[in-house]
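# Report on the structure
Chain by chain, the residues run as shown.
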Amino acid sequence: MSEDVRLVAWVRGRVQGVGFRWFTRAKALEIGGLSGFALNLDDGRVQVVAEGSRERCEGLLDWLQGGDTPGRVDGVTEIWDTPRGGYEGFAVR
C-alpha cells in the first residue's frame, strides 16, 4: 500500500493564460484520489499542491514535466512532504 504524501510543485514557462490550471485539475481528476489545487503566482509560475498516494502524485508530476501540457513548461521544481489535509477535491484557485 502506497503512503500518502504532499507534492508541492512550481511550474515555470508559459503557463498562465493558456488553461494550465484547468488542465492540471482535469489531469488530477483523471488520475483520481488526489486533492489540492493549482494557483497562478504573481511571478508567472503556477503552483500545484497535490495530496494522495505517492504513485498518484508522481503520475501528476510526470504529466507536469512532460510535453502534453498546455503552454510551454520550461521546468518544474518540487518538494515532497507529509499531507496536511483540509482540501476537498482538486480546485483551481
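Keep in mind that what you see is a predicted model, and the values were worked out from it rather than measured. (Residues numbered from 1 in each chain as written. Predicted model: local features only at pLDDT ≥ 70, side-chain atom pairs only at ≥ 80, totals over all residues. Heavy atoms only, no water.)

## Side note on the UniProt feature "domain: Acylphosphatase-like" (unreviewed entry) in the protein
Put simply, the rule is: UniProt positions are given in the numbering used here, feature names are shortened, and annotations may be inferred rather than shown by experiment. In this text, helices come from DSSP runs of H or I with a minimum length of four residues, and strands from runs of E with a minimum of two, each type numbered from the N-terminal end.
Under the feature "domain: Acylphosphatase-like" (unreviewed entry), the UniProt entry names residues 6-93. Structurally, residues 6-93 comprises 27% helix and 41% strand, and the distance from its first C-alpha atom to its last is 18 Å.

## Comments concerning the sheet that holds strand E1 (residues 4-14)
Test applied: When DSSP finds at least two bridges between two strands, those strands are taken to pair. A fitted line through C-alpha atoms represents every axis, and for helices the fit uses only the stretch in contact; the resulting angles, taken between N-to-C directions, go from 0 to 180 degrees. We call two residues in contact whenever any of their non-hydrogen atoms come within 4.5 Å of each other.
Taken in spatial order, the five strands line up as E4-E1-E3-E2-E5 in an open sheet, and their pairing is mixed. Unpaired on one side and paired on the other, strand E4 (72-81) and strand E5 (90-92) mark the two borders of the sheet. Averaged over all pairs of adjacent strands, the angle between strand axes in this sheet comes to 15 degrees, irrespective of strand direction. Judged from the six bridges that link them, strand E2 (residues 35-40) and strand E3 (residues 46-53) form a sheet pairing that is antiparallel. Bridging from a neighbouring strand, Asn40 pairs with Val46 of E3. The sheet contacts of helix H1 (residues 20-31) involve E1, E2, E3, E4 and E5, and relative to E5 the element is tilted by about 170 degrees. Packing against the sheet, helix H2 (residues 54-65) makes contact with E1, E3, E4 and E5, and its axis sits at approximately 155 degrees to E3.

## Here's the deal with the nonpolar core
Quick reminder of the rule: Residues belong to a common nonpolar core when they are buried Ala, Val, Leu, Ile, Met, Phe, Trp, Tyr or Cys residues joined through side-chain atoms within 4.5 Å. Per-residue accessibility, obtained with a 1.4 Å probe over protein chains only, is compared with the maximum for each type, and a residue is labelled buried under 20%, exposed over 50%, and partly exposed between these values.
In terms of nonpolar packing, the biggest core is built from 19 residues, with Val11, Val48, Leu60, Leu64 and Phe90 touching the most fellow members. Sorting the residues of this core by element identifies E1, H1, E3 and H2 as the ones contributing at least two each. Sorting elements by how many residues they give to this core places H2 first, with five residues. Leaving out residues up to four positions away in the same chain, Val11 has contacts with Phe20, Arg45, Val46, Val48, Leu64, Val73, Gly75 and Val76. Grouped together as the second largest cluster of nonpolar side chains are five residues, Val8, Trp10, Phe37 and Val49 included.

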